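Each chain, written out:
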Amino acid sequence: MNKKFMLFSFVLFMVLIVSMTFAVMVGSVSVTPLYVWKVILSKIPFIQNAIEQDWSRSQEIIIWQIRAPRVLLAAIVGAGLAIAGAAIQALVRNSIADPYILGISSGAAVGATSVIILGAFSFLGIYALSISAFLGSLLAIALVFFLSRVGGRVSIFRLLLAGMAVSFILTAISNFILMMSKQEGALKAVMFWMLGSLAGAKWNNIIIPASIFFVVFGLLWLHYRNLNLLLLGEEAAVTLGVNLQQFRIQLILLVSLLTGVLVAVSGSIGFVGLIIPHIVRLIVGSNYKYVIPISALIGGIFLVWADAFARIIIAPQEMPIGIITAFCGGPFFIWLLRRNNYSFGEGD
């Protein structure tokens, strides 16, 4: 593998570690990086006995139970949305596509709204919100997939149109539920969730998104050649041996699963899947052998910093992280549109 790529990946990984350390440090109660790593290392078997426990119980709770899972979830969500965006852009051969183009976010929002406002799936306890949001996302992609099939084949053009239509309908359903509710507290909770938040991060709700992320990441990276061939067009991809319909279905299911799980735990966080793949292609080109891992690293770094700013910019209150990503993504997208020398596919 290219030595420059390996070196660049290592540098980005170290930047991610430093960013995560800083994000754990900042907040209403400041802690030093030494204590951050002491507490974290004290939780690792075999070396925990070698760590001198000279921190207070309150510091351990803040670092390990509150901030560390939140920062780790931010890295996972950022990395996941970035690789999902990169994959979707290859699938539809459109540089302005992102994971939410298939209506997955809107479906998850319906599920979450049903739990918060109507009390659906209350028997599931703390898992009700995540499970209902995930089920909503599955319903959305099932509808989109069904509507996009023509003669047993998936039409990309119909897929995009179906995604938009389903997204509008599901958003209308969420808004209708909100309008009918008179629970002020619940309304605020739903709006906050719809704008994106990692405030509910706990160690027990990180396992599933982390596992799904690594599985999807591995599968996308293994199929980087097929992703590269998609950029060449349908005829070229088929000529070079890609089973186009089968690969598209696999790609749609993988991206939908990943995005649905991430939206379930973080709410709707826009622009990450749009801007990060663009930045990566400007740096390393369009070869998905490099685009997938670099997108994951830069996406993780971006969302860790976005979440840190969301926590401190209007402290002691917290700003929805979707507002931060929109402030970053909007101007970037405008700048991208004004550039004349940017291309998608070969030649980047």
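Before reading on, note that the structure itself is shown above.
Source: prediction; values computed, not measured.

*Asks:* Help me out: how do you make sense of the overall build of the protein chain in this one?
*Replies:* Regarding its fold elements, the protein chain presents 14 helices and 2 strands. Expressed as lengths along the three principal axes of its C-alpha atoms, the size of the protein chain is roughly 65 × 60 × 40 Å. Excluding contacts between residues fewer than 6 apart, the proportion of contacts in the protein chain whose partners are at least 24 apart in sequence is 75%. Carbon together with sulfur atoms contributes 69% to the accessible area of the protein chain, which is approximately 16,700 Å² in total. Each charge class in the protein chain was averaged separately, 21 positive and 11 negative side chains, and the resulting centres sit 4 Å apart.

*Asks:* Sorry if this is basic, but what is going on with the packing of helix H2 (residues 33-41) against helix H3 (residues 57-92) here?
*Replies:* Geometrically, a packed helix pair is captured by the angle between its two axes and the distance between the axes. Packing of H2 against H3 leaves a shortest axis separation of 10 Å and a crossing angle of 75°. Here H2 lies roughly perpendicular to H3, going by the angle between them. Along the contact surface, H2 presents Tyr 35, Val 36, Val 39 and Ile 40, while H3 presents Gln 59, Glu 60, Ile 63 and Trp 64. When grouped by side-chain class, the residues that make up the contact of H2 with H3 number 6 nonpolar, 1 polar and 1 charged.

*Asks:* Explain helix H12 (residues 272-284) to me, please; I cannot follow it from the model alone.
*Replies:* For an α-helix the count is 3.6 residues per turn, leaving residues at separations of three or four pointing the same way. Here H12 spans 18 Å end to end across 13 residues, near enough to the 18 Å set by a 1.5 Å rise per residue. Here H12 has its buried residues at Val 272, Gly 273, Leu 274, Ile 275, Ile 276, Pro 277, His 278, Val 280 and Arg 281. Buried positions along H12 lie against H3, helix H13 (288-312) and helix H14 (321-338).

*Asks:* Any chance you could explain the nonpolar core here in plain terms?
*Replies:* Across soluble globular proteins, nonpolar side chains show a tendency to be buried alongside one another. The biggest cluster of nonpolar side chains holds 108 residues, and the ones touching the most others in it are Val 77 and Tyr 288. Among the elements that make up this core, the one with the highest residue count is H3 (18 residues).

*Asks:* Any chance you could explain the packing of aromatic side chains here in plain terms?
*Replies:* Both the distance between ring centres and the angle between the ring planes are used here to describe each pair of aromatic rings. Counting across every chain of the model gives 7 aromatic pairs. With a centroid separation of 5.9 Å and an interplanar angle of 35°, the aromatic rings of Phe 213 and Phe 217 are classed as tilted. Remark: Phe 217 and Phe 213 occur in helix H8 (residues 207-222); sequence separation between them is 4 residues, near one turn of the helix. Neither residue differs from the other here; Phe 213 and Phe 217 are each classed as buried.

*Asks:* Just to check I follow, could you spell out a nonpolar patch on the surface for this structure?
*Replies:* The grouping of Phe 121, Phe 123, Ile 126, Tyr 127, Ile 131, Leu 135 and Leu 138 at the surface amounts to a nonpolar patch, some 690 Å² of accessible area in total. Position of Ile 126 relative to the elements: it lies in the loop between helix H4 (104-118) and helix H5 (128-148). Its relative accessible area of 65% is what places Ile 126 among the exposed residues.

*Asks:* Would you mind going over the environment of Ala 84 with me for this structure?
*Replies:* Position of Ala 84 among the secondary structure elements: in helix H3. Here Ala 84 falls in the buried class, since its relative accessible area comes to 1%. In this structure the C-alpha to C-alpha distance between Ala 84 and Ser 295, which are 211 residues apart in sequence, comes to 9.4 Å. Not counting the four nearest positions on each side in its chain, Ala 84 is found in contact with Pro 99, Val 255, Leu 258 and Thr 259.

*Asks:* I keep staring at unusual backbone geometry and nothing clicks. Help me out?
*Replies:* Keep in mind that most residues, glycine aside, have a negative phi and that most peptide bonds are trans. One non-glycine residue, Phe 46, adopts positive backbone phi at about 80°. Considering the arrangement of structural elements, one finds Phe 46 in the loop between H2 and H3. Even without glycine at this site, Phe 271 takes up a positive phi of about 75°. Relative to the helices and strands, Phe 271 resides in the loop between helix H11 (244-266) and H12.

*Asks:* What exactly am I supposed to notice about the environment of Ala 306 here?
*Replies:* Structurally, Ala 306 can be placed in helix H13. Here the alpha-carbon distance between Ala 306 and Leu 258, two residues 48 residues apart in the chain, equals 20 Å. Apart from the residues within four sequence positions on either side, Ala 306 is in contact with Ile 321, Ile 324 and Thr 325.

Criteria and cut-off values
Residues numbered from 1 in each chain as written. Predicted model: local features only at pLDDT ≥ 70, side-chain atom pairs only at ≥ 80, totals over all residues. Heavy atoms only, no water. Helix = DSSP H or I, 4+ residues; strand = E, 2+ residues; numbered from the N terminus. Contact = heavy atoms within 4.5 Å. Areas by Shrake-Rupley, 256 points an atom, 1.4 Å probe, with all protein chains shown as cover. Lys, Arg positive; Asp, Glu negative; His and termini not counted. Charge placed at Lys NZ, Arg CZ, Asp CG, Glu CD. Axes fitted to C-alpha atoms, helices over the stretch in contact; angles between N-to-C directions. Parallel < 35°, antiparallel > 145°, perpendicular 65-115°, else oblique. Nonpolar A, V, L, I, M, F, W, Y, C, P; charged D, E, K, R; others polar. Expected span 1.5 Å × (residues − 1). Buried < 20%, exposed > 50% of the residue type's maximum accessible area, 1.4 Å probe, protein only. Core = buried A, V, L, I, M, F, W, Y, C linked by side-chain atoms within 4.5 Å. Phe/Tyr/Trp six-rings, centres within 6.5 Å; stacked < 30°, edge-to-face > 60°. Patch = residues over 30% accessible without salt bridge, like charges linked within 9 Å, V, L, I, M, F, W, Y side chains within 5 Å. Salt bridge = Lys/Arg side-chain N within 4 Å of Asp/Glu carboxyl O.

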